Amino acid sequence: MNIYTHGKIAEREARIAEKLRERADGEGSVQVHLDPTMEIDGAKVFAVYGKGGIGKSTTSSNLSVAFSMLGKRVLQIGCDPKHDSTFTLTKSLIPTVIDVLEKVDFHSEELRPEDYMVEGYNGVQCIEAGGPPAGTGCGGYVVGQTVKLLKEHHLLDDTDVVIFDVLGDVVCGGFASPLQHAERAVIVAANDFDSIFAMNRIVAAIKAKSKNYDVRLGGVIANRSRETDQIDRYNDAIGLKRLAHVPDSDHVRLSRLKKSTLFEMGDSPEILGIQKEYMQLAERLWAGTPALEAEPMKDREIFEFLGFE
């Protein structure tokens, strides 16, 4: 029996046990409770969500650099099986936690921090959790194993900020697991129907998880958009706020091709403006954003809300 099978069995047993006790994690939902020994203490923890392909990794990496430029010790954890969250920071696809665990037959005591953690631009520490092969397991298990390793090696003791860059908008264990650790969840969205529709589903999922965990919505980062009118209209309707606006810019696309963060892309007025937006976002998040009690729309309601006559 492989490690993924063990993980699936454990998750199923936990789900059944919880279901027998109560359904407290939102209507019709079953919550697997977090092992209290795996909580992240001391650091400010942020989870970045959004529609697949909306720019979460670019946003996370540049936000990590901004925090580091404020003098903070930053750890970024990529939570997508394609493991490309940190490549603009490290200039490479680094080994994933699952990769290195497989090499030692999942005997984590044989690992050293340098086996799975790489220092990126401006001192940002980078980890890619990775994920199980398609159809064989849950990403939530992988995130849990990653946090367990960090605790075992005391790597969180000297960390000020942890950023989880979370896979797409799939509401599953891989989506939910970082919410068990985060203080604030922020959503990256463009000013279009698909992004806002996905954001609404994410808001609903985070609201459900907040029943059992301390995570709260921090706000929205408008990305890849010239305007923000539709995002702002939606935010006003449900109780969200926009934290930052990163415009649609060829410099951002080029930075990915150059395997670089925006802070390494020169000093043109446009680039400096984007850098400033990230610095202000980091300062705002570090100072502490209010916990937003947003009320998501039903799918049919938001379809009508975003439609044009």
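- Per an unreviewed UniProt entry, the protein chain is named Light-independent protochlorophyllide reductase iron-sulfur ATP-binding protein, and its organism is Rhizobium rosettiformans.
- The UniProt entry for the protein chain carries this comment under Pathway (unreviewed entry): "Porphyrin-containing compound metabolism; bacteriochlorophyll biosynthesis (light-independent)."
- We quote the UniProt Function (unreviewed entry) comment for the protein chain here in full: "Component of the dark-operative protochlorophyllide reductase (DPOR) that uses Mg-ATP and reduced ferredoxin to reduce ring D of protochlorophyllide (Pchlide) to form chlorophyllide a (Chlide). This reaction is light-independent. The L component serves as a unique electron donor to the NB-component of the complex, and binds Mg-ATP."

1. Quick word on the pattern of salt bridges
Point 1. All told, the structure shown has 12 salt bridges when counted by the stated rule.
Point 2. One salt bridge connects Glu114 with Arg112, and the closest N-O pair in it is separated by 3.6 Å.
Point 3. Taking the shortest distance from any N to any O, the salt bridge between Asp248 and Arg253 comes out at 2.8 Å.
Point 4. Owing to a relative accessible area of 43%, Asp248 belongs among the partly exposed residues under this scheme.

2. So, helix H10 (residues 269-287)
Point 1. An ideal rise of 1.5 Å per residue puts 27 Å on 19 residues; H10 measures up with 27 Å between its terminal C-alpha atoms.
Point 2. Turning to H10, its buried residues are Ile271, Ile274, Gln275, Tyr278, Met279, Leu281, Ala282 and Leu285. Burial along H10 is one-sided: seen end-on, the buried residues are contained in an arc of 160 degrees. Along H10, exposed side chains directed more than 90 degrees from the buried face belong to Pro269, Lys276 and Ala287.
Point 3. Structurally, H10 contributes buried residues whose contacts are with strand E1 (44-50), helix H2 (56-69), strand E6 (184-189), strand E7 (216-223), strand E8 (242-246) and helix H9 (250-257).
Point 4. Once H10 finishes, Gly288 follows within two positions and takes phi at roughly 105 degrees, a positive value.

Thresholds, definitions, all that
- Residues numbered from 1 in each chain as written.
- Predicted model: local features only at pLDDT ≥ 70, side-chain atom pairs only at ≥ 80, totals over all residues.
- Heavy atoms only, no water.
- UniProt positions renumbered as here; feature names shortened; annotations may be inferred.
- Salt bridge = Lys/Arg side-chain N within 4 Å of Asp/Glu carboxyl O.
- Buried < 20%, exposed > 50% of the residue type's maximum accessible area, 1.4 Å probe, protein only.
- Helix = DSSP H or I, 4+ residues; strand = E, 2+ residues; numbered from the N terminus.
- Expected span 1.5 Å × (residues − 1).
- Arc of directions from axis to C-beta.
- Contact = heavy atoms within 4.5 Å.

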